[in-house]
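# Understanding the architecture of this molecule
Next come the chains, spelled out residue by residue.
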Amino acid sequence: QWLDVWNAYFEPNRPMEARLARLQGSLCRGTLSNTNAEHLQHLRCNFRLFDSFAGFTASNLCGARKPEPAIDRYALQRLDLPPNEVLYLDDVEAYVEAGRALGLQAFHYTFNDATLRERLTELGVALPSLDGRSNLSC
């Protein structure tokens, strides 16, 4: 019962899942999370969209937490990409700054769809539309 309550924080975001599915194959995607073993297992079992990610970096697996540079380096190693080829989105400004310090193209994601779309367009990434609606919120 404790695990059910502990993991109840997470909810699916179907529009985001659909958008990511449409991008599959066009971008190498990875995740980077400060998390624990229980949340990680729950996410991997219940949110199948993570199966399509090239790398899933979790703090509990690499022994470092955002904004420590070691977790970003670990994620880059898993993705096998140089920092300047990675667009890193995070809603925590300190984590974005840590990514920039390592050379990542980091973007502070404030759940503003228009700003994100503008930044991605500047980088040449075209986001697929979902019924003409904006559904980038996480």
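Everything quoted here is computed from the prediction, not taken from an experiment.

Let us now look at the side chain of His 42. Counting through the fold element by element, His 42 comes out in helix H3 (residues 37–46). In this structure His 42 touches Asn 7, Phe 10 and Phe 47, once residues within four positions along its chain are discounted.

Here we come to the pattern of salt bridges. A complete count under the given rule lists four salt bridges for this structure. Glu 93 serves as the salt-bridge partner of Arg 100, at 3.8 Å between the closest nitrogen and oxygen. By sharing partners, the salt bridges in this structure join Glu 93, Glu 97 and Arg 100 into a single network.

Moving on, we get to the pairing of strand S3 (residues 87–90). Successive residues of a regular strand alternate their side chains across the two faces of the sheet. Residues Tyr 88 and Asp 90 point to one face of S3 and are all buried, whereas Leu 87 and Leu 89, pointing to the other face, are not buried. Bridge count between S3 and strand S4 (residues 105–108): four bridges; the pairing is parallel. What sits directly across from Asp 90, in S4, is His 108. As for the winding sense of the linkage, the β-α-β connection from S3 through helix H6 (residues 93–101) to S4 is right-handed.

Structurally, Gly 55 is set in strand S2 (residues 55–58). Judged by relative accessible area, Gly 55 falls into the buried class, the value being 4%. As a C-alpha pair, Gly 55 and Thr 31 span 24 residues in sequence and 6.3 Å in three-dimensional space. Setting aside residues no more than four positions away along its own chain, Gly 55 makes contact with Arg 29, Gly 30, Thr 31, Arg 78 and Leu 79.

Looking at helix H5 (residues 69–79), one finds that the buried residues are Ile 71, Asp 72, Ala 75, Leu 76 and Leu 79. The arc that holds every buried residue of H5, seen down its axis, measures 140°, which confines them to one face. Buried-residue contacts for H5 involve strand S1 (30–33), S2, helix H4 (59–62) and H6. Once H5 finishes, Asp 80 follows within two positions and takes phi at roughly 55°, a positive value.

What follows deals with the nonpolar core. Counting residues in hydrophobic clusters, the biggest one holds eleven residues: Leu 32, Ala 64, Ile 71, Ala 75, Leu 76, Val 86, Tyr 88, Tyr 95, Val 96, Leu 104 and Ala 106. The leading source of residues in this core is H5, at three residues. If near-sequence neighbours (up to four positions away) are discounted, Tyr 88 is found in contact with Leu 32, Lys 66, Tyr 95, Val 96, Leu 104, Gln 105, Ala 106 and Phe 107. Listed in part, the nine residues of the second largest apolar core include Leu 49, Phe 50, Phe 56 and Ala 58.

For the rest of this paragraph, the subject is the packing of aromatic side chains. Taken as a whole and judged by the stated rule, the model has two aromatic pairs. Ring geometry for Tyr 9 against Phe 10: centres 5.2 Å apart, planes inclined by 85°, an arrangement best described as edge-to-face. On the basis of relative accessibility, which here comes to 67%, the residue Tyr 9 falls in the exposed class. Overall, the relative accessible area of 23% leaves Phe 10 in the partly exposed class. Directly above the ring of Phe 53 sits Arg 29, whose terminal nitrogen or CZ lies 5.1 Å from the centroid. A cation sits over an aromatic face here: Arg 44 above Phe 56, 4.8 Å from the ring centre.

The rules behind each value
- Residues numbered from 1 in each chain as written.
- Predicted model: local features only at pLDDT ≥ 70, side-chain atom pairs only at ≥ 80, totals over all residues.
- Heavy atoms only, no water.
- Helix = DSSP H or I, 4+ residues; strand = E, 2+ residues; numbered from the N terminus.
- Contact = heavy atoms within 4.5 Å.
- Salt bridge = Lys/Arg side-chain N within 4 Å of Asp/Glu carboxyl O.
- Buried < 20%, exposed > 50% of the residue type's maximum accessible area, 1.4 Å probe, protein only.
- Pairing = 2+ DSSP bridges.
- Right-handed = clockwise from strand over helix to strand, strands pointing away.
- Arc of directions from axis to C-beta.
- Core = buried A, V, L, I, M, F, W, Y, C linked by side-chain atoms within 4.5 Å.
- Phe/Tyr/Trp six-rings, centres within 6.5 Å; stacked < 30°, edge-to-face > 60°.
- Lys NZ or Arg CZ within 6 Å of the ring centre and 35° of its normal.

Any functional reading would require information that these geometric values do not contain.
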